[in-house]
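The residues making up each chain are set out below.
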Amino acid sequence: MVNHTQKDESNLVSSIDDVVVILQSDYENAYFLTGNFTSAIYAEDCTFEDPTIKFRGKDLYSRNLKLLVPFFDCPSLTLQQIEKGVSSETNFVLATWKLRTYLRLPWRPLISIEGSTVYDLDDEFKVRNIFYLILLGILKVGIFLLLKRLAKYLLLVLEVMVNDLSAGNPPIVETAEKIWHATFA
């Protein structure tokens, strides 16, 4: 396993093939469900974007992944295909995957989506942009909007839980349910 906290960051990649091998390893470790990824292949100011959010910086990416990990129960991430290419003189890697996980909520909703990720590389073979794409079939049935609302809900619950814990109160399931109804009503 290649872990972003364990790898020496000097001279890790010298070709697009090296990036593909490292990404395959990261997918085997379900990197965006576990938070374990090889940060050495990302530029410091890499842009991360999906249909719900866009931000810059690999440290922020690492932090965001770690915030999500506690919400996943029995997660799996299957790499279906990975290929390299060139577009407008820019090297890129395209990965197609399937994500499946239950969420650690009282009613344990199942999230099962297929998507693709485009990794744009700079001249030093560092990832400078990542675009996560959810396949259109899922968007047609409104899952995208549901996931966006679910992300909002999870952030609100996390905030309430942190506030409750800092005040010395145990987290209350009823509070999470009230937020759920307020978010989806």
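Residues numbered from 1 in each chain as written. Predicted model: local features only at pLDDT ≥ 70, side-chain atom pairs only at ≥ 80, totals over all residues. Heavy atoms only, no water.

**So, helix α1 (residues 16-28)**
Every α-helix carries 3.6 residues per turn, so stepping three or four residues along brings you back to the same face.
Piece 1. Between the first and last C-alpha of α1 there are 18 Å, a value that for 13 residues agrees with the 18 Å anticipated at 1.5 Å per step.
Piece 2. For α1, the complete set of buried residues consists of I16, V19, V20, I22, L23, S25, D26 and Y27.
Piece 3. Here the buried face of α1 lies against α2 (31-34), β1 (42-49), β3 (72-87), β4 (90-103) and β5 (110-121).
Piece 4. Of the residues trailing α1, A30 is marked for its positive phi of about 50°. (Helix = DSSP H or I, 4+ residues; strand = E, 2+ residues; numbered from the N terminus. Expected span 1.5 Å × (residues − 1). Buried < 20%, exposed > 50% of the residue type's maximum accessible area, 1.4 Å probe, protein only. Contact = heavy atoms within 4.5 Å.)

**As for the pairing of β4**
In the case of a regular strand, side chains alternate between the two sheet surfaces.
Piece 1. In this sheet, β4 lies alongside β3 in antiparallel orientation, the contact comprising 13 bridges. What sits directly across from L77, in β4, is L99.
Piece 2. Bridge count for β4 against β5 is 11 bridges, and the pairing is antiparallel. Bridged to F92 within β5 is D120.
Piece 3. Hairpin connection, β4 to β5: the antiparallel pair is bridged by six residues, and R108 has positive phi, about 45°. (Pairing = 2+ DSSP bridges.)

**A few points about the packing of aromatic side chains**
Piece 1. Across all of its chains, the model carries eight aromatic pairs by this definition.
Piece 2. With a centroid separation of 5.2 Å and 75° between ring planes, the pair formed by F37 and Y61 is classed as edge-to-face. Here Y61 lies in helix α3 (residues 58-68) and F37 lies in the loop between α2 and β1, a separation of 24 residues in the sequence. (Phe/Tyr/Trp six-rings, centres within 6.5 Å; stacked < 30°, edge-to-face > 60°.)

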